[in-house]
Amino acid sequence: MDESIDAQIRAIEEYADKNSIQIVKVFIDRAKSATSANRPEFKNMIKYCEADETGISMAIVHKLDRFSRDKYDSAIYKRKLKLKGIRVVSVLEKLDDSPESLILESVIEGMGQYYSANLAREVAKGQKENALKALHNGGDAPLGYDVAFDKTYVINEEEAQSVRIIFDMYINGYSYSKIIDKLNDFGFLTKRKNKFGKNSLHGILSNEKYTGVYVFNKTQRKGVNGKRNGHKQKSEDEIIKIEGGMPQIIDKEVFRQAQEMMQKRKKAPGSHKATTLYLLTGLIKCGECGGYAMQGNKRKDKYGNDYISYRCGCRKQKRGCNNKEIKRDYLEEFVLTELEKHVLNDEAIPVLSKELNERLKTKSNDNHEMLSNLRNKLEKVNKEIENILNAIMNGIVNNMLKDKLDELEQIKLNLDLKIGERSIESNGVESVDITEDQIRSMFGQFKEFVLTRNLPECKKFISDYVKEVVVYKDHVEVIFNVVFSFVDNEVTHDLHITTRREKIK
């Protein structure tokens, strides 16, 4: 909200005045979530700092979760700024360069991502309820459908004609290119008013909704890049399907024929099976060529013995990386030893427990303030709706008034949803009290695997504790990613904490 941004700017300016800091430039992303680094002004800020030659010493944010709620993005972009001698400073969180502050900073960033993920989970609950009623759940309706005021689907006959043409031509053996040419000749466009492409045809041909079956929760969640892979599906038991939940455009037999033809045209993917265990597969990156993945490698040494290592994937592609390969056993032992020393120990538990509960309390207060603001807005919107209805009852009727009423009704629906989400989140936060025993219990099983060096079992859990390992020519960096799941009163609370260790030379 703009007023929230104004308050943040005011707090930053007061902080700068108090500490004799000169602000040289302000970057503002309005109505953008901090869950991703894909924000125009955030990117401009990073570029500005990287290109600066005037000696910028710090980037000031109101709170650390305004910089990023994604632990990976936060680590990457803080490192970019650090290489330029620029540190990220929070107005509200007083942190220095001490080891304790490093832990607390990672906790704060982890809590930001936790609340973002938790809110997404509560929104998903509301979407599931809508799905069980076969109601629209946001986003664009499929081509051929419109969304009625009550959020049910109705057929858009003009668009439905293009859908029927696509299916009819496809099951009669026409290629994507021929179908696209025909659609263009008729002047048909996609839902977003673009010309058709092969990807849009694939999405239509594989969409079971056209047979009258309401489908929800079919595709996987967004990945670390913030994008959703529409071709990667969840298991059938996770998908909600309601027969007759949508008006039918395509006959079921036609749809079945289309699916059979798509399967015949699909190439069978190759398969590869690793015969050597690599504990850090998918976690290890080369620090000398921009984070390129390092791969497991097995060869014979000059004595004829197996030499197993990790080496940069650029070498295999002959792209000239000069980073040395590193022996597998040495690196994996180093990472497990670091886990023992810095994560799987009793000394960190009291600090984590205390800080987590303090952050939960702060978040609860923030939620109450947000709820109050949302309810005040809803009250104003209800008043405006009441005024328009009174005007209509008094005989004042025109299109402008009707459009305004529709707009206010949509705002009211959105506010009701947000209030519901915040209320659920607030109740969940207030019921949580994270104890040291809970943290210690979560460490228990994996700690035993690490201490006994049970590598096959460690591999099953390692990504819950290690975010990534970056190998440079002269040192290694390990970024820990500790995942907790606490259950209290039948509510699961997932918390992610990232701890960046000092460089190990």
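Parameters at a glance
Residues numbered from 1 in each chain as written. Predicted model: local features only at pLDDT ≥ 70, side-chain atom pairs only at ≥ 80, totals over all residues. Heavy atoms only, no water. Helix = DSSP H or I, 4+ residues; strand = E, 2+ residues; numbered from the N terminus. Buried < 20%, exposed > 50% of the residue type's maximum accessible area, 1.4 Å probe, protein only. Contact = heavy atoms within 4.5 Å. Areas by Shrake-Rupley, 256 points an atom, 1.4 Å probe, with all protein chains shown as cover. pLDDT = per-residue confidence, 0-100. Pairing = 2+ DSSP bridges. Arc of directions from axis to C-beta. Axes fitted to C-alpha atoms, helices over the stretch in contact; angles between N-to-C directions. Parallel < 35°, antiparallel > 145°, perpendicular 65-115°, else oblique. Left-handed = near helix turned anticlockwise from the far one by under 90°. Nonpolar A, V, L, I, M, F, W, Y, C, P; charged D, E, K, R; others polar. Core = buried A, V, L, I, M, F, W, Y, C linked by side-chain atoms within 4.5 Å. Patch = residues over 30% accessible without salt bridge, like charges linked within 9 Å, V, L, I, M, F, W, Y side chains within 5 Å. Salt bridge = Lys/Arg side-chain N within 4 Å of Asp/Glu carboxyl O. Phe/Tyr/Trp six-rings, centres within 6.5 Å; stacked < 30°, edge-to-face > 60°. Lys NZ or Arg CZ within 6 Å of the ring centre and 35° of its normal.

Notes on the overall build of the protein chain
Regarding its fold elements, the protein chain presents 15 helices and 13 strands. Within the protein chain, the proportion of its 505 residues that are buried is 39%. For the protein chain, restricting intrachain contacts to residue pairs at least 6 apart in sequence, the fraction spanning at least 24 positions comes to 63%. For the protein chain, the accessible area works out to roughly 29,700 Å², and carbon and sulfur atoms hold 49% of it.

Concerning the confidence of the model for the protein chain
Reading predicted coordinates in detail is not appropriate for stretches of low pLDDT. Across the protein chain, pLDDT averages 76, with 74% of residues at or above 70. Of all the helices and strands in the protein chain, strand E13 (residues 491-500) carries the lowest mean pLDDT, 38, while strand E4 (residues 153-155) carries the highest, 94. Long-range and interchain partners of residues 267-273, a stretch whose pLDDT sits below 50, account for zero contacts in this model, where long-range means more than four residues apart. Confidence drops under pLDDT 50 across residues 485-505; counting only partners more than four residues distant or on other chains, this segment forms 75 contacts.

Here we look at the sheet that holds strand E9 (residues 306-312)
Each strand in a sheet pairs with another by means of backbone hydrogen bonds, the pair being arranged parallel or else antiparallel. Spatial strand order, E8-E9-E10: three strands in an open sheet with antiparallel pairing. Strands at the two margins of the open sheet, each flanked by one partner only, are strand E8 (294-300) and strand E10 (326-327).

A look at the pairing of E8
Across seven bridges, E8 lies against E9 in antiparallel orientation. When the sheet's bridge partners are listed, Asn297 is paired in E9 with Ser309. In sequence, E8 turns back onto E9 through a hairpin of five residues, with Gly304 there showing a positive phi of about 90 degrees.

Some points on helix H8 (residues 198-205)
Of all the residues in H8, the buried ones are Leu201, Ile204 and Leu205. The buried residues of H8 occupy an angular sector of 95 degrees when the element is viewed end-on, so they sit on one face. Tucked into the core, H8 has its buried residues touching helix H6 (157-171), helix H7 (176-186) and helix H9 (252-265).

A short note on the environment of Gly144
The topology assignment puts Gly144 in the loop between helix H5 (99-132) and strand E3 (145-147). In sequence terms Gly144 and Ile249 are 105 residues apart; their C-alpha atoms lie 7.9 Å from each other. If we ignore the near neighbours within four places in the chain, the residues touching Gly144 are Val154, Ile155, Asn156, Glu159, Ala160, Val163 and Ile249.

So, the packing of H6 against H7
Running from amino to carboxyl end, H6 crosses H7 at an angle of 150 degrees, the nearest separation of the two axes being 10 Å. In this view, H6 runs roughly antiparallel relative to H7, as classed from their interaxial angle. The way H6 lies across H7 gives a crossing that is right-handed. Touching Ser162, Ile165, Ile166, Met169 and Tyr170 of H6 are Tyr176, Lys178, Ile179, Lys182, Leu183 and Phe186, all from H7. Classifying every residue of the contact of H6 with H7 gives eight nonpolar, one polar and two charged.

Observations concerning the environment of Leu280
Relative to the helices and strands, Leu280 resides in the loop between H9 and strand E7 (284-286). Placed 186 residues apart in sequence, Leu280 and Val466 show a C-alpha to C-alpha distance of 8.9 Å.

Some words on the nonpolar core
Counting 37 residues, the largest nonpolar core has Leu280, Leu331, Leu339 and Val466 as its most contacted members. Broken down by secondary-structure element, the contributors of at least two residues to this core are E7, E9, helix H11 (328-342), helix H12 (348-393), helix H14 (436-451), strand E11 (466-471) and strand E12 (476-488). Ignoring sequence-local partners within four residues, the contact set of Leu331 consists of Leu280, Ile284, Tyr310, Ile326, Val469, Val471 and Val476.

Digging into unusual backbone geometry
Even without being a glycine, Lys151 presents a positive backbone phi close to 75 degrees. By the secondary structure assignment, Lys151 is in the loop between E3 and E4. Under the relative-accessibility criterion, Lys151 is labelled partly exposed at 32%. Positive phi values are uncommon outside glycine, yet Arg453 reaches one of about 55 degrees. Here Arg453 falls in the partly exposed class, since its relative accessible area comes to 25%.

Digging into a nonpolar patch on the surface
Residues Leu389, Ile392 and Val397 make up a contiguous nonpolar surface patch of about 260 Å² in total accessible area. Among the secondary structure elements, Leu389 is positioned in helix H12.

Examining the packing of H7 against H8
Packing of H7 against H8 brings their axes to within 10 Å, and their N-to-C directions diverge by 95 degrees. Considering the angle they form, H7 stands roughly perpendicular to H8. Side by side, H7 and H8 meet where Tyr176, Ser177, Ile179, Ile180 and Leu183 of the first sit next to Lys198, Leu201, His202 and Leu205 of the second. Considered class by class, the residues forming the contact of H7 with H8 number six nonpolar, two polar and one charged.

Some words on the packing of aromatic side chains
Here the structure, examined in full by the defined rule, presents nine aromatic pairs. Ring geometry for Tyr145 against Tyr210: centres 5.8 Å apart, planes inclined by 15 degrees, an arrangement best described as stacked. Of the two residues, Tyr145 sits in strand E3 while Tyr210 sits in the loop between H8 and strand E5 (213-216), which places them 65 residues apart along the sequence. Tyr145 gets classed as buried once you look at its relative accessible area, which sits at 0%. Taken together, Tyr145, Tyr153, Phe167, Tyr210, Tyr214 and Phe255 form an aromatic cluster joined through their ring pairs. Above the face of the Tyr48 ring, Lys25 is positioned so that its terminal group lies 5.8 Å from the ring centre.

Some thoughts on the pattern of salt bridges
Going through the model one piece at a time under the given rule, you end up with 16 salt bridges. Lys298 is paired through a salt bridge with Asp306; the nearest N and O atoms lie 3.8 Å apart. By relative accessible area, Lys298 is classed as partly exposed at 45%. Residue Asp306 is classed as partly exposed on the basis of its relative accessible area, which comes to 43%. Between Arg453 and Glu333 there is a salt bridge, and its shortest N-O distance comes to 2.9 Å.

Some details on H7
Within the sequence span of H7, burial applies to Tyr176, Ile179, Ile180 and Leu183. Buried residues along H7 cover an arc of 100 degrees about the axis, so they all sit on one side. Turned more than 90 degrees away from the buried face of H7, the exposed residues are Lys178 and Asp185. Positive phi appears at Gly187, one or two residues downstream of H7, with a value of about 80 degrees.

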